[in-house]
Amino acid sequence: MDFLENLSRQLEDIRLDGTNVRAEFPCPRSVLRYLNDQESMNDPNNLSNASNLENGINNEDTPENQSRIRTRKRLQRRQKQKVKYLFEKHNINPNEQNRSTTNTIEPFSNQKDFYHDYMQLDDVKKGLESGELFEGNIRISQKCPTEAYVPSPDKSKDILINGIRSRNRALDGDKVVVKMLDKSNWRNPDTEDCQRTGWVVYITSSKENRIVVGSLIVDRGVIYRYSTLIPRDCRIPRLLVDTSTWPFPIDLRDGTKESKELFYAVLSRWDNYKNPFGVLKAVLGESGKINAETEGILIAHDIQEHPYPENIDEYFPPPFSVEEELKHRKDFRKHCIFSIDPPTAKDLDDALSCVPLPNGNFEIGIHISDVTYFVKQGTPLDEIAEKLATSVYLVQKVYHMLPPALTMMASLLPGTDKLAVSITLEMTPDANVISHSFSQSIIHSCAQLHYAHAQIFLENPDKKEWDESEFPTVYNGYTISDCATAVSHLHKLAAVMRKRRFGSGALAINQPKLSFEIDRATCEPLSYSLYILHESNWLIEEFMLLANTMVAEHLKTHFPNTAMLRNHQAPDVAPMEKAVKLLKTHDIEIDFTSAGSIHKSKAVYCQGENSKNSHWDIIINNILSKPMVRAEYCVIDPNRLMSHFALNVPYYTHFTSPIRRYPDIVVHRMLISWITNKPIKEYEDPKVIDKIAINSNDKKNNAKKASEASADIYAACLIGKLGGLEVDAAIMEIKENYFEATVLSMNMNVRVYVNISHNNPDLLHKACKFLILDNKPTLVIWWDNKGENKQTLQLFDKVKLKLLKRENCLKLRAILIRDE
């Protein structure tokens, strides 16, 4: 009696709105029998017999024992009703879960053996050797997470891994071994749109300690240990996390099982269950708030807010001595040198100078911060910088690769002596390079100009008198007029270089960038705009491209086995053919035999802002950018094509931004080792450079994704504050149940669902139909029940959309609205 009474009290004391749902008491056989077999619970004899045995009652004839039995039966009936109530309240089927008090029974046993077992390693090796299997990195679609792709071994169209079972527990970016399925299982076999399919039979390598950010769905009840973490990244499956031992309350949104807060967990293991298991690590803050969502972006993309220890300044070098440095550096301090950057820039990597020569040519100076003086190889500072690999630019903050104090030391700020690595060029008026040299140097920048200042100079080429108060302070005895003259010379040279570059076969796919004005106190967005590139941006771009190309050619000659390069491969043929075919149905002919042919053929249809169909520029660029592969850092390989496809140059590297990119520091060290004739032993091993390149590619990719995610949450936050926003958009892809559109004022892609279903209760149209009309994917939308008022949607069509912020998170929903 005491035992059951204690059990009953503890069950009654459980707070169903709390976090800890573990039952910390031994479960009696009567309750276990209820859990296992409800029919036996209906037999009072079985119930009393079990209780008698459990409590050592052998003589049931005594009045005392009879009284005990009646009391125990009453308590057991009460307990039975209590447990049944808990099951019914939380929609739990007691036959699905049999949890002992020690939690030894595996949860979700009905989901076990969901996937195929992996092949044995020996069989995998044999399959790879025979060609029956192939290996590659898996890429999961963000738009349709049930679809994933692995590059085809014959370099043709990627192989589709269709469905989560076929993916067999592989996560985005994993290196996997794939077996091709029979032709009968392909998508659209024996057609032009044939898509070969396969399934994952082995995972060669996977990222360890993968972090997952999301909200919790908490199931309450005495037998539930596990809750579900719903990831922000739809490519990651839902995680089962043990919340029974979570030490803090989990607040739920009213009337739901969803947590108010955003959590992050580490994916701990993925056995042969449908979903992997994870371990909760921390709460990030309230879901849907800028700060919490930004924390989630940083953690999900492995970006550290405070990567350096407090004592990192111990590894900063002492202030340099000009006298000592001039013993091996060139002195450019008397030259008119200036930087041109965005107004918010802190990491001033580069500066330019331009001096007319008596022979009519120009002496051009491209001066890049000598970060190697501040980041000594092999120090803890260097090791952390190598690991970080890049600065990360979010909407409200920059996470610098170098410590902020060191960033300021290395930045080429005006009015003070700075250390640099300089490329000095003699260039003719038609931008031909007569000679060049590399040197370590000391410079003294006279001004920190913004792109807007340089643009004013370019738009007023004949102006001689300038109001000094409208421009930054100019040092070193120079004036704004001197800067304007130098900018004008540089612009004329850059214009020739740019025209020649595209005439020689380069490709540019320009994408206007979304930017925000924010409240610095709250980090909330106030407004948005598109950052449009102007001639002043192109001026800097041309000279930085020239510097990077010249350094790459130099490294190729003097470091033929270990040069750090930037490689860009040609786009995959199959997806590019698909994009070109799609455009051709709309009478847009694109020749994709080379970078130059793509650029020239698309230029016929992209006529800029003044074009009658100016939105075509954005749509064509978006469609053509999809098949493009990412440029990557790599170590030079004599057996591999090392050219840069888009720039159409045989060798390219990154040299011009060492404050924010670690590969640039490696390139600087190589160049300086040649200048000073002091070899770097570590950099004589290609494996060392390759390791740096692999990490840098990973970090740069994460930084790009984080930057894009930051812009997305700010757009959602601003639109939420506005209560929604009506926008013009242009269609860039048509599917059966939705279309993809680009919001023209934001250059942001959104998916617009049009299928009438319970998942889309807020749609404003009454019906829709997908069809192929003149070889063009088409959606027909009816706005009334009579079928009289209809709208036809195809690629390039302009539409009106209503953008809304989704509830409880910073994501957008786009709804098609009627364009009156």
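Predicted model only: the values in this text are computed from it and were never measured.

J.: I would appreciate a short explanation of the state of the cysteines in the present structure.
T.: As used in these notes, a disulfide is a covalent bond between sulfur atoms, one from each of two cysteines. This structure, assessed with the given rule, holds 0 disulfides. Sulfur of Cys-336: no disulfide; nearest cysteine sulfur belongs to Cys-446 and is 3.9 Å away. Since its relative accessible area comes to 10%, Cys-336 is described here as buried.

J.: Explain the confidence of the model for the chain to me, please; I cannot follow it from the model alone.
T.: Low-confidence regions, as indicated by low pLDDT, have predicted coordinates that should not be scrutinised in detail. Per-residue pLDDT for the chain has a mean of 86; in total, 85% of the residues score no lower than 70. This model gives residues 1-64 a pLDDT under 50, and the stretch forms 98 contacts once residues within four places in sequence are excluded. Considering only residues more than four positions removed or in separate chains, one finds that residues 89-105, a stretch of pLDDT under 50, has 32 contacts.

J.: Just to check I follow, could you spell out the nonpolar core for this structure?
T.: Within soluble globular proteins, side chains that are nonpolar tend to cluster in buried spots. Counting 85 residues, the largest nonpolar core has Phe-338, Ile-364, Ile-366 and Phe-543 as its most contacted members. Leaving out residues up to four positions away in the same chain, Ile-364 has contacts with Ser-353, Cys-354, Ile-423, Thr-424, Leu-425, Met-427, Leu-490, Leu-493 and Phe-543. Counting 44 residues, the second-largest nonpolar core is a separate cluster that includes Tyr-399, Ile-713, Ala-741 and Leu-801.

J.: Teacher, can you tell me more about the pattern of salt bridges here?
T.: Any two side chains of opposite charge can pair, given that their charged atoms come close. Here the structure, examined in full by the defined rule, presents 31 salt bridges. The salt bridge involving Arg-196 is made with Asp-154; its shortest N-O contact spans 3.5 Å. Of this pair, Arg-196 sits in the loop between strand E5 (175-180) and strand E6 (198-205) while Asp-154 sits in the loop between strand E3 (147-150) and strand E4 (159-162), placing them 42 residues apart in sequence. Relative accessible area serves as the criterion here: at 46%, Asp-154 is assigned to the partly exposed category. We note a salt bridge from Asp-190 to Lys-183, for which the minimum N-O separation is 2.6 Å. Among the ionic contacts, a cluster of salt bridges with common partners joins Lys-143, Lys-626, Glu-733, Lys-735, Glu-740 and Arg-751.

J.: I tried to follow the packing of aromatic side chains on my own but got confused; where do I start?
T.: Aromatic ring pairs: the centre-centre distance and the angle between the two ring planes describe each pair. This model, assessed by the stated rule, comprises 14 aromatic pairs. Each ring, one from Phe-320 and one from Tyr-373, has its centre 6.2 Å from the other, and the planes form 90°; the classification is edge-to-face. Taken together, the residues Phe-320 in the loop between helix H8 (290-300) and helix H9 (322-325) and Tyr-373 in the loop between strand E15 (362-369) and helix H10 (380-388) connect sequence positions 53 residues apart. What makes Tyr-373 buried here is its relative accessible area of 13%. The structure contains a cluster of three or more aromatic residues connected by ring pairs, namely Phe-114, Tyr-115 and Trp-270. Residue placement shows Arg-498 over the ring face of Trp-538; its charged tip is 4.3 Å from the ring centre. For Arg-501, the ring lying beneath its charged end belongs to Phe-502, and the centroid distance is 4.6 Å.

J.: For this particular structure, what's the right way to read the sheet that holds strand E2 (residues 139-140)?
T.: Two modes of strand pairing occur in sheets, parallel and antiparallel, and in both the strands are linked by backbone hydrogen bonds. Spatial ordering of the open sheet is given by E2-E3-E4, a layout of 3 strands whose pairing is antiparallel. Every interior strand has two partners, whereas the edge strands, E2 and E4, have only one.

J.: Help me understand the pairing of strand E8 (residues 226-231) in this model?
T.: In summary, the side chains of a regular strand alternate between the two faces of the sheet. Along E8, 5 of the 6 residues are buried, which leaves the element largely enclosed by surrounding structure. Across 4 bridges, the pairing between E8 and strand E9 (residues 239-242) is antiparallel. By the bridge assignment for E9, Ser-227 is matched with Val-241.

J.: Looking at this model, I keep getting lost on the packing of helix H12 (residues 451-459) against helix H13 (residues 480-503). Mind explaining?
T.: For any two helices packed against each other, the geometry is given by the interaxial angle and the distance between the axes. Interhelical geometry of H12 versus H13 gives an angle of 75° and a closest axis separation of 9 Å. Comparing the axis directions of H12 and H13 gives the class roughly perpendicular. Contact residues: H12 offers Ala-454, Phe-457 and Leu-458, while H13 offers Ile-480, Cys-483, Ala-484, Val-487 and His-491. Its residues placed into classes, the contact of H12 with H13 shows 7 nonpolar, 1 polar and no charged.

Thresholds, definitions, all that
Residues numbered from 1 in each chain as written. Predicted model: local features only at pLDDT ≥ 70, side-chain atom pairs only at ≥ 80, totals over all residues. Heavy atoms only, no water. Disulfide = S-S within 2.5 Å. Buried < 20%, exposed > 50% of the residue type's maximum accessible area, 1.4 Å probe, protein only. pLDDT = per-residue confidence, 0-100. Contact = heavy atoms within 4.5 Å. Core = buried A, V, L, I, M, F, W, Y, C linked by side-chain atoms within 4.5 Å. Salt bridge = Lys/Arg side-chain N within 4 Å of Asp/Glu carboxyl O. Helix = DSSP H or I, 4+ residues; strand = E, 2+ residues; numbered from the N terminus. Phe/Tyr/Trp six-rings, centres within 6.5 Å; stacked < 30°, edge-to-face > 60°. Lys NZ or Arg CZ within 6 Å of the ring centre and 35° of its normal. Pairing = 2+ DSSP bridges. Axes fitted to C-alpha atoms, helices over the stretch in contact; angles between N-to-C directions. Parallel < 35°, antiparallel > 145°, perpendicular 65-115°, else oblique. Nonpolar A, V, L, I, M, F, W, Y, C, P; charged D, E, K, R; others polar.

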